[in-house]
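Now for the letters of each chain:
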Amino acid sequence: MTRAVRIHEVGPRDGLQNEARVIPVAQKVALIEMLGRSGLTDIEVGSFVSPRWVPQMANSDQVMARLPQVAGVTYAVLVPNMRGWEGFKAARKDMVNYEIAVFISASEGFSQSNLNCSIAQSVANLAPVVEVALNTGVGLRGYVSCVTDCPFDGSTSHSQVADVVGLLREIAPMRVSLGDTLGNGTPERVMQMLEAVLKVAPADSLAGHFHDTNGRALPNIEAALDLGVRTFDSAVGGLGGCPYAPGAPGNVATEAVLDLMARLGFETGVDPAIIAQAAKMAKEMR
Ligand code: HMG
Ligand code: MG
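All values derive from a computational prediction rather than experimental measurement.

## A look at the packing of helix 9 (residues 217-226) against helix 10 (residues 254-264)
Between helix 9 and helix 10, whose axes approach to 11 Å, the crossing angle comes to 45°. On the basis of the axis angle, helix 9 is oblique to helix 10. Relative to helix 10, the crossing made by helix 9 is right-handed. Each of L218, I221, E222 and L225 in helix 9 lies in contact with helix 10, whose residues at this interface are A256, V257, L260, M261 and L264. When its residues are assigned to classes, the contact of helix 9 with helix 10 shows 8 nonpolar, no polar and 1 charged.

## Here's the deal with helix 10
Considered for burial, the residues of helix 10 that qualify are T254, V257, L258, L260 and M261. For helix 10, the buried positions fall inside an angular range of 165° around the axis, keeping them on one side. In helix 10, the exposed positions that point more than 90 degrees away from the buried face belong to A262 and R263. On its buried side, helix 10 packs onto strand 1 (6-9), helix 9, strand 10 (231-234) and helix 11 (272-285). Among the residues trailing helix 10, G265 stands out with phi positive, at a value near 85°.

## Let's talk about the nonpolar core
By size, the foremost hydrophobic cluster in this structure holds 87 residues, and its most contacted members are F88, I100 and L178. If we skip the residues at most four places from it in the chain, L178 touches V144, V147, V161, V165, M193, L194, V197, L206, A207, G208 and H209.

## Looking at the packing of helix 10 against helix 11
Two packed helices can be described by the angle between their axes and the distance between those axes. At a minimum axis separation of 9 Å, helix 10 and helix 11 run at an interaxial angle of 155°. Viewed along their axes, helix 10 and helix 11 adopt a mutual orientation that is roughly antiparallel. With respect to the hand of their crossing, helix 10 and helix 11 are arranged in left-handed fashion. Contact residues: T254, E255 and L258 in helix 10; P272, I275, A279 and K283 in helix 11. Its residues assigned to classes, the contact of helix 10 with helix 11 shows 4 nonpolar, 1 polar and 2 charged.

## As for the environment of R216
Looking at where R216 falls in the secondary structure, it is placed in the loop between strand 9 (206-210) and helix 9. Since its relative accessible area comes to 27%, R216 is described here as partly exposed. Remark: the alpha-carbon pair of R216 and T186, spanning 30 residues in sequence, is separated by 6.7 Å. At 2.9 Å, the side chain of R216 and the backbone oxygen of N184 are in polar contact.

Here is what the cut-offs are and how they apply
Residues numbered from 1 in each chain as written. Chains lettered and ligands numbered in written order. Predicted model: local features only at pLDDT ≥ 70, side-chain atom pairs only at ≥ 80, totals over all residues. Heavy atoms only, no water. Axes fitted to C-alpha atoms, helices over the stretch in contact; angles between N-to-C directions. Helix = DSSP H or I, 4+ residues; strand = E, 2+ residues; numbered from the N terminus. Parallel < 35°, antiparallel > 145°, perpendicular 65-115°, else oblique. Left-handed = near helix turned anticlockwise from the far one by under 90°. Contact = heavy atoms within 4.5 Å. Nonpolar A, V, L, I, M, F, W, Y, C, P; charged D, E, K, R; others polar. Buried < 20%, exposed > 50% of the residue type's maximum accessible area, 1.4 Å probe, protein only. Arc of directions from axis to C-beta. Core = buried A, V, L, I, M, F, W, Y, C linked by side-chain atoms within 4.5 Å. Polar contact = N/O pair within 3.5 Å; in protein donor to acceptor, adjacent residues only side chain to side chain.

Right, here's the structure in full:
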């Protein structure tokens, strides 16, 4: 099995969307530019969602307008519906490499809270987005939230996670990132959940997206590595947090994941010194 691991940096999106203040465009661009020099190949830079729901991402079009093209770097943005696609299309510079991410929940409670609709309706909303992305050659990623627990519905059944991953991959064979949104997962539960998901999707089509709310993101990543997952989402400086757990840490920190991978002998191609500088910059923004 390959010893290479891919890091999908989500700090400028998942991290900054949770900050109380809206970070100015110039600061976001400076952070993303620094991340783009680190060897990261995938950087999530914003969202085309309702500015009333997530004001922190309302300047994503301006961020995109100022981002340089960097060889080997794909920028990702969240697009929940066709309205978001129109926003993305208007903001996209033709020469820059973008991927869009569609996102759903494995639990009905979080689906209602995050997307204002049922899981079935959210799948219907994203289907035309996927179609137009495929037709225009824009890369695709899927997210499934609440793969261990939901803040409203309690624990999520492993078969429900597998069903929802299957729904996404029936629409298109996209890579699916499995979100431990609350950070309640334990290595044992993560493994059981993954065993169910691996029945509908191969390990190389999955990513682990662990929030570090309870300090278990790194052991959970190790559990996913053991089952063959080789892509992990992380946020520089551990940016972010959880609106349902005030004061809790955010996404697992990119620098901590790099450290773990180095200890375990996995190659990431990412320069830890630049990530350390970017983490300092990210922390100063908060
Ligand atoms: P809605 O209110 O149900 O939608 O929002 P609607 O279709 O009824 O439209 C209502 C208003 O929103 C209208 O404007 C639309 O034009 C506007 P109005 O006429 O009232 O002025 N609207 C939009 N505006 C901009 N961009 C759009 C858009 N769509 C509608 N794309 C919607 C539905 C999904 C937009 C809303 O619920 C929303 O924005 N939710 C926020 C979702 C979000 O960004 N959540 C955080 C990211 S997901 C996440 O963090 C989890 C993840 O990290 C994995 C994990 O950790 O679990 C990925
Ligand atoms: Mg997240």
